[in-house]
Amino acid sequence: MPSISPVSAHEEERAADPQTSAAGSIPRMARNRPFGWLLVITGIVGWLASGTLVLEKLEVLKDPNHTTVCDVNPWISCGQVMQTWQSSLFGFPNMFIGIVAFAITITVGMALLSGATFARWYWLGLQVGVTLGFAFVVWLWSQALYAIHILCPFCMIVWAAMIPLFVWTTIRNITAGVIPMPAGAARVLGDSGWIITALLYVAVIATIFFAFIQVFAGTSGF
């Protein structure tokens, strides 16, 4: 078997279509069609949540007293979160980032389902975008729990969509050779994708519980 160099045509083919990997160790979810469906589904979920937030934000801008669809109580309120500086970190509402980013995710997923292949540089670009998006979501999550102390339901839907999107994009790129990693470690990651996803969901639920434990225990004073 010929050696594989970082710039070889064979690696470009492997990176474009993990199903052609000579290693034969690509997990099913990281293959083009299942992964394409994952991108489409998480993209649609995230896009719809971001779109709802955009519509509610426009209503709040027109009427500061507008009650959003998820203003439930003092701890669950999209409207109150929208009034914080964290909701417009870059000078404009964060949800506009989601509208664009998830639209790109859906487009990539649909392209994979139609049989498209992409070069290694494209997958690296997607990895950078998804990683930055995940880091941004983690920061927003920490701010909601430990600084704002208010939960936004539609924001949490975006969190939920980003977790499998980040995990499986990373695993796809590792097992396809886009991101270099020893074969043994790549195999372990590939076999643990849904376990990692589940653990991240559990971590989010646990941190929400402990951050709002007074509310759950009925000792918050409200």
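Residues numbered from 1 in each chain as written. Predicted model: local features only at pLDDT ≥ 70, side-chain atom pairs only at ≥ 80, totals over all residues. Heavy atoms only, no water.

Per an unreviewed UniProt entry, the chain carries the name Membrane protein and comes from Pseudarthrobacter defluvii. In its Sequence similarities (unreviewed entry) section, UniProt records this for the chain: "Belongs to the VKOR family." Comment text from UniProt for the chain, heading Subcellular location (unreviewed entry), reads "Membrane". (UniProt positions renumbered as here; feature names shortened; annotations may be inferred.)

A. Structural detail: the UniProt feature "transmembrane region" (unreviewed entry) in the chain. According to UniProt, the positions carrying the feature "transmembrane region" (unreviewed entry) are residues 35–55, 95–114, 121–141, 147–171 and 192–217. A distance of 30 Å separates the end C-alpha atoms of residues 35–55, which is 100% helix and 0% strand. Between the C-alpha atoms that bound residues 121–141 there is a distance of 30 Å. The span itself is 100% helix and 0% strand. (Helix = DSSP H or I, 4+ residues; strand = E, 2+ residues; numbered from the N terminus.)

B. Region of interest: the packing of helix α5 (residues 120–148) against helix α8 (residues 193–211). One way to put it is that α5 packs onto α8 with a least axis distance of 10 Å and a crossing angle of 20 degrees. By the angle class used here, α5 and α8 are roughly parallel. As for the relative orientation of α5 and α8, their crossing is right-handed in sense. Touching F134, W141, L145 and Y146 of α5 are L200, V204, T207, I208 and A211, all from α8. Of the residues assigned to the contact of α5 with α8, the class counts are eight nonpolar, one polar and no charged. (Axes fitted to C-alpha atoms, helices over the stretch in contact; angles between N-to-C directions. Parallel < 35°, antiparallel > 145°, perpendicular 65-115°, else oblique. Left-handed = near helix turned anticlockwise from the far one by under 90°. Contact = heavy atoms within 4.5 Å. Nonpolar A, V, L, I, M, F, W, Y, C, P; charged D, E, K, R; others polar.)

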